[in-house]
Amino acid sequence: MDQVGMGNAEHQGALTKGEVLPRPASSQSEGFKQGRTVLNSLLSGAFAGAVAKTAVAPLDRTKIIFQVSSNRFSAKEAYRLIYRTYLKDGFFSLWRGNSATMVRVIPYAAIQFCAHEQYKRILGQYYGFQGKALPPVPRLLAGSLAGTTAAMITYPLDMVRARMAVTPKEMYSNILHVFVRISREEGLQTLYRGFTPTILGVVPYAGLSFFTYETLKKIHAEHTGRSHPFSYERLAFGACAGLIGQSASYPLDVVRRRMQTAGVTGHTYGSISGTMRDIVREEGVIRGLYKGLSMNWVKGPIAVGISFMTFDLMQILLRKFQQFSHSAR
């Protein structure tokens, strides 16, 4: 055995019982760096989701009301509904249910963006593209897995938000009241009613949204030589991502809303296919399954664009703050 080996053996032999050799400094710093990256993603995602959803809350509430009713949708009718709501209940009533939205969106967006970063890292290691843009299929897979993970964890909050959006405030006084009444009157399983169409809708929606955004950023970097797009460019990329993602999954979004609010609208929907058949029979394919889609083409790109842009800018800001804090020590 050489001198270095003998020295190590003597050092290990000198350890008393219960002592543990310290982890290499590089391993410790790598673990700390990874933990900080996850925390940054969670914070950035939470803030991005809150800002985006609050910006479009009145349009979102109006869309849900049309989705769960048999009334025909048009831009004029949507405007009338918003105006009547404003006259009857005041300006802030347009944001009714937004507190429930925030309770859901903040953890949902935090988990989704954070999961997406982690899935990108894991798939990058698996396919040998660590630190680089992923190929198309893993890029699509990372987005789909991120959306599925977030939806599974936060689904009951989405159910509560839908109920609050379509009911008068006399029926449910707050978020906790919705949980209590649904559990007592309809059973705990009701909190996951509409879960299957949600997951079926989230896979193409999240997958295509993240895929489109990441693809546009990659194309932009290749053509301009700038790895960081300007804010307005991020907003435009996010808007395109939202437009494509929401259009692909919209019929399942309508089905999900009908199943979620069945207990308060007087309908009974037992399955996805049955709900789709009922909607098509009563209202037709376009007027039923795609009701409110034109509003989503306004609301969706704005919300997704703001969300992606805010997330990226928050990530950059947090990294700069940490670099500044580190250099100031």
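Residues numbered from 1 in each chain as written. Predicted model: local features only at pLDDT ≥ 70, side-chain atom pairs only at ≥ 80, totals over all residues. Heavy atoms only, no water.

Before going further, it helps to examine the pattern of salt bridges. If you walk through the whole model with that rule in mind, you get 18 salt bridges. A salt bridge links Glu186 to Arg193; the shortest N-O distance between them is 3.8 Å. Among the salt bridges present, the one from Asp278 reaches Arg281, with a minimum N-O distance of 2.9 Å. One end of the pair, Asp278, and the other, Arg281, are both in helix 11 (residues 272-283), three residues apart, so they sit about a helical turn from each other. (Salt bridge = Lys/Arg side-chain N within 4 Å of Asp/Glu carboxyl O. Helix = DSSP H or I, 4+ residues; strand = E, 2+ residues; numbered from the N terminus.)

This next bit is on a nonpolar patch on the surface. A contiguous nonpolar patch, built from Tyr79, Tyr83, Tyr86, Leu87, Phe91 and Phe92 and spanning about 730 Å² of accessible area, is present on the exposed surface. Secondary-structure assignment places Phe92 in the loop between helix 4 (75-89) and helix 5 (98-127). Taking relative accessible area as the criterion, Phe92 reaches 69% and is therefore assigned exposed. (Patch = residues over 30% accessible without salt bridge, like charges linked within 9 Å, V, L, I, M, F, W, Y side chains within 5 Å. Areas by Shrake-Rupley, 256 points an atom, 1.4 Å probe, with all protein chains shown as cover. Buried < 20%, exposed > 50% of the residue type's maximum accessible area, 1.4 Å probe, protein only.)

Inspection of the entire model under this criterion finds twelve aromatic pairs. Relative to Tyr86, the ring of Tyr83 lies with its centre 6.3 Å away and its plane at 35 degrees, an arrangement referred to as tilted. Of this pair, Tyr83 and Tyr86 are both found in helix 4, three residues apart, which corresponds to roughly one turn of the helix. Note on Tyr83: relative accessible area 42%, which makes it partly exposed. Arranged with centres 4.3 Å apart and planes meeting at 15 degrees, the rings of Phe113 and Phe311 form a pair that is stacked. Taken together, the positions of Phe113 in helix 5 and Phe311 in helix 13 (residues 293-328) put the pair 198 residues apart, joining distant regions of the chain. Assessed through its relative accessible area of 4%, Phe113 is described here as buried. The ring centre of Tyr108 lies 4.6 Å from the NZ or CZ of Arg104, which sits over that ring. Seen from the ring of Phe230, Arg226 lies directly overhead, with NZ or CZ sitting 4.0 Å from the centre. (Phe/Tyr/Trp six-rings, centres within 6.5 Å; stacked < 30°, edge-to-face > 60°. Lys NZ or Arg CZ within 6 Å of the ring centre and 35° of its normal.)

Regions with low pLDDT carry predicted coordinates that are not meant to be interpreted in detail. Across the protein chain, the average pLDDT comes to 82, with 87% of residues at or above 70. No element of the protein chain has a lower mean pLDDT than helix 1 (residues 3-13), which averages 43, and none a higher one than helix 8 (residues 195-224), which averages 91. Of the regions scoring below 50 in pLDDT, residues 1-21 engages in six contacts with residues more than four places distant in sequence or in other chains. (pLDDT = per-residue confidence, 0-100. Contact = heavy atoms within 4.5 Å.)

Within the secondary structure layout, Ser99 lies in helix 5. Considered as a pair, Ser99 and Asn174 are 75 residues apart in the sequence and their alpha carbons are 8.9 Å apart.

Here the focus is the environment of Pro138. On the secondary structure map, Pro138 appears in helix 6 (residues 136-166). On the basis of relative accessibility, which here comes to 4%, the residue Pro138 falls in the buried class. Note: C-alpha distance between Pro138 and Tyr127 (eleven residues apart in sequence) is 8.4 Å. The residues contacting Pro138, other than those within four sequence positions of it, are Leu123 and Tyr127.

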